[in-house]
Amino acid sequence: MSERALITGYPGWLTGHLFRRLDELMAGADPPIWALRLADVRWRSLVAPGTVSTPPCARIGAVVQGDIRDPRVVADAMVGVDLVLHAAGIIHPRRIRDLYEINRDGCRCLASAAVLAGVRRFVFVSSNAAAGFARSPERPMREVDEPKPASHYGRSKLEGEKCLWSTLTGSDTEG
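The rules behind the values
- Residues numbered from 1 in each chain as written.
- Predicted model: local features only at pLDDT ≥ 70, side-chain atom pairs only at ≥ 80, totals over all residues.
- Heavy atoms only, no water.
- Helix = DSSP H or I, 4+ residues; strand = E, 2+ residues; numbered from the N terminus.
- Expected span 1.5 Å × (residues − 1).
- Contact = heavy atoms within 4.5 Å.
- Buried < 20%, exposed > 50% of the residue type's maximum accessible area, 1.4 Å probe, protein only.
- Axes fitted to C-alpha atoms, helices over the stretch in contact; angles between N-to-C directions.
- Parallel < 35°, antiparallel > 145°, perpendicular 65-115°, else oblique.
- Left-handed = near helix turned anticlockwise from the far one by under 90°.

## Observations regarding helix H5 (residues 152–169)
Consideration 1: Here H5 contains 18 residues, and its C-alpha end-to-end distance of 25 Å stays within 8% of the 26 Å for a straight helix at 1.5 Å per residue.
Consideration 2: Summarising the contacts, the buried residues of H5 are in contact with helix H4 (96–117) and strand E5 (121–124).
Consideration 3: Phi turns positive one or two residues past the end of H5, at Gly170, with a value near 75°.

## Topic: the side chain of Thr15
Consideration 1: Tracing the backbone shows Thr15 in helix H1 (residues 13–27).
Consideration 2: Classification of Thr15 by relative accessible area gives buried; the value is 2%.
Consideration 3: Residues within four places of Thr15 in sequence aside, it is in contact with Ile7, Thr8, Gly9, Tyr10 and Ala87.

## Topic: the packing of helix H3 (residues 71–78) against H4
For any two helices packed against each other, the geometry comes down to the angle between their axes and how far apart the axes lie.
Consideration 1: Where H3 meets H4, the closest approach of the two axes is 9 Å, and the angle between their N-to-C directions is 45°. One finds that H3 runs oblique with respect to H4. Two packed elements cross with a definite hand, and for H3 against H4 that hand is right-handed. Contacts between H3 and H4 involve Pro71, Val74, Ala75 and Met78 from the former and Cys109, Leu110, Ala113, Ala114 and Ala117 from the latter.

Below, the structure written as structure tokens:
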């Protein structure tokens, strides 16, 4: 039986590219292991109402329209899911608070529902904006550097990362 997965952020640039690249690799003679692992995944896409205007790609078996901040919608979309690939977010909001409500609170809602549903794997696509900027070209950023986001978008993505960490680990401790 193939794995069932939930994806957010489809039909965005990143998720659309992921599926196109997966199809290209699977058509080749020697696909990489990651492509083989995702080849038989049955994807369900959670999209904001009114988002999908084109038919989904063949890898999307079901489209659920709803808000990632709505616990009931997210719990329903999570039923039977083994893997969550969370790539949804907002970068150009009408209001600043929308950044935090979608990028932080939506991430928390998805993580909480994943824990309750017994999801085995959760992949979160954040943003380099959560880390901030390097001080200079001579001193590139390192993973161990403390994050210093320079915008509300970056702060909202960092807060989403922290919510995800604390929800999945049951702790506010990072590490």
